[in-house]
Amino acid sequence: MYNLLVVDDEAVAVRGIVEGIDWSVLPIAEIYSACDAEEAREILGSRTVHVMISDIDMPSENGLHLLKWTKEHSPGTETILLTGHADFAFAQQAVQLNGFDYLLKPIDHDLLRDCVGKALGVVREREQDLAFRRTYEYYYEQWNRQLPLLVERFWQDVLNLRIGTAPAQLQPLFKLYGLKLEAETPILPLLISVERWRQEWNARDEEILSYALQNAASEILLRDWDGHVVHAQSGMLVALVYGPDEESLRSEVQERCEEYIRKCGEYLYAEVSCYIGEAVPIAGLRACVHALTEMERSNIAAKRSVLRLSPAAKRKKPSASAPNWPEWAALAEQGKRAELLRRVESLFDTLRAEQVDYTYMVNYYFGLVHCVFQILQRRSLSPSDVYADEAWRNGERAMRSLDALRDWSVRFLGTAADYLAAERREASNAIIKVQRYIERNLDRELSREALAEHVYLNQAYLSRLFHKETGKSITDYIAELRVEKAKESLAKTNEKIGEIAASVGYTNFSHFSQLFRKLTGFTPQDYRRKHQDVT
């Protein structure tokens, strides 16, 4: 609803407008009246007035002066001027002062009401525009606050094959996120692996410190370079440097990585290594990061080091008809059967046009078997687990024709993708082995190094895999298991509490008591008194 102000030195004129016109057809809440400009200014200064009807011919101060003051002090008010003189100078001044309309007396009431209705329409549009601008500004501010997270999600989608890397798909996203990139802009990936925390942390503390590691990477590794630091699906951090001149930055990248490793150890209690990739277009980024990840997994000797992607590990540029093995492996490992089989069909459409020979089919067959077997090995699986009838061997007969090889590929890859999709919902064999080892050795010191050696995995990789599969850190898992065993002994035996603590691997009784209370809410003594059932 809106408010109206009527200004005229003649009381009869004011009453005629206020009471003589049916204002109920307009959304007017209040009608105020004033006998001169001074009283009108008081009302305008203390109340919201949307439309003012003012006579021009008033003693002391005329309506044009009042209009000028109103435009300065109440700019949201639309003013309709009334006069008994058809003076062009008055009309000209009213237009110059941006008055809404200029009407001659005597006033036709219907005409005046219609004029007020039009003025209210202008007020309404202005309010809607203002509301839209405020809403836009609010969401624009929210967008800018969220933009770093949105950019990180974009790069995660690229690395995890959730979006394609064709220029037509990338360019709109570059524009949306304000990235000054082209599809062919080289990107230099730096992979950061947390090898060991120098202090035991629970899952929440590790998450906080991982965030600190990410910020430190932005400040130290990127610094004045254009780029972004993202959490990869594997749990590691990947710093992406946009459009680097790799040769000129080669020594500086090394120095920054060494500085980052040193400061992470000094201030964040983390032992990390940095793996430097090669500058590649975005289409090759996933393969390059995959190669760095494989390099990190196989590194069991060099600690707190800066390592570069070896020439043997670098992604070879595929020919037009060669499968993109890293992408196929990623899709199979994620159980994305439909997308994987679309890639197979697309490749074989190309191969038909190229009329590839038998040698190509042999290389393709062994390449595909090798690709899938590598995935199974990473998951601690045997081919016989997936292919009970050794169906993978049928590929040798399928090489008699391109169509037969395509059909075999669909079955072979489809079986692997289906199995891995189901297997992803369960703990990996390696994690099961670790859990069983922990259960059998609760009375011993259980270091992450010993657990990693038991299953022949890199320490950092094992920690990430364990958290991914169980939702807990290794430290939290061991602590919870030990406390559960201690609870059972406290409730069902008369053993001394110190002996129980030692039986679950705690030689420091004070530490055991503090941990027990943290996880159960009771001291060991109070828990025994509450739950003891030994007579």
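That block above? That's the structure.
Bear in mind the structure is a predicted one, so any value in this text is a computation, not a measurement.

Student: Explanation requested: the packing of aromatic side chains in the structure shown.
Tutor: The description of an aromatic ring pair uses the distance of the two centres, along with the angle that the planes make with each other. One pass over the structure, following the stated rule, counts 22 aromatic pairs. With 6.5 Å between their ring centres and 80° between their planes, W328 and Y364 make a pair best called edge-to-face. Here Y364 lies in helix 12 (residues 358–378) and W328 lies in helix 10 (residues 325–333), a separation of 36 residues in the sequence. An aromatic cluster of at least three residues, connected via ring pairs, comprises W143, F154, W155, F174, Y177 and Y242. The lysine or arginine in question, R41, covers the ring of W69, its NZ or CZ lying 6.0 Å from the ring centre. Above the plane of the ring of Y32 lies R47, whose end atom (NZ or CZ) is 5.2 Å from the centre.

Student: Honestly, a nonpolar patch on the surface in this entry has me stumped. Any pointers?
Tutor: Together, F132, Y136 and Y140 make up an exposed nonpolar region whose accessible area comes to about 380 Å². Tracing the sequence through the fold places Y140 in helix 5 (residues 109–159).

Student: What is the right way to read the environment of G164 from this model?
Tutor: For G164, the location among the structural elements is in the loop between helix 5 and helix 6 (167–176). Note: C-alpha distance between G164 and P27 (137 residues apart in sequence) is 54 Å. With sequence-adjacent residues up to four places away left out, G164 is seen in contact with Q169 and L170.

Student: What exactly am I supposed to notice about the packing of helix 19 (residues 474–492) against helix 21 (residues 509–520) here?
Tutor: Helices that pack against each other are described as a pair by the angle of their axes relative to one another and the distance between those axes. At a minimum axis separation of 10 Å, helix 19 and helix 21 run at an interaxial angle of 95°. The angle between the axes of helix 19 and helix 21 places the two elements in the roughly perpendicular class. Residues A479, E480, V483, A486, K487 and L490 of helix 19 pack against F512, L515, F516, L519 and T520 of helix 21. Tallied by class, residues from the contact of helix 19 with helix 21 come to eight nonpolar, one polar and two charged.

The rules behind each value
Residues numbered from 1 in each chain as written. Predicted model: local features only at pLDDT ≥ 70, side-chain atom pairs only at ≥ 80, totals over all residues. Heavy atoms only, no water. Phe/Tyr/Trp six-rings, centres within 6.5 Å; stacked < 30°, edge-to-face > 60°. Helix = DSSP H or I, 4+ residues; strand = E, 2+ residues; numbered from the N terminus. Lys NZ or Arg CZ within 6 Å of the ring centre and 35° of its normal. Patch = residues over 30% accessible without salt bridge, like charges linked within 9 Å, V, L, I, M, F, W, Y side chains within 5 Å. Areas by Shrake-Rupley, 256 points an atom, 1.4 Å probe, with all protein chains shown as cover. Salt bridge = Lys/Arg side-chain N within 4 Å of Asp/Glu carboxyl O. Contact = heavy atoms within 4.5 Å. Axes fitted to C-alpha atoms, helices over the stretch in contact; angles between N-to-C directions. Parallel < 35°, antiparallel > 145°, perpendicular 65-115°, else oblique. Nonpolar A, V, L, I, M, F, W, Y, C, P; charged D, E, K, R; others polar.

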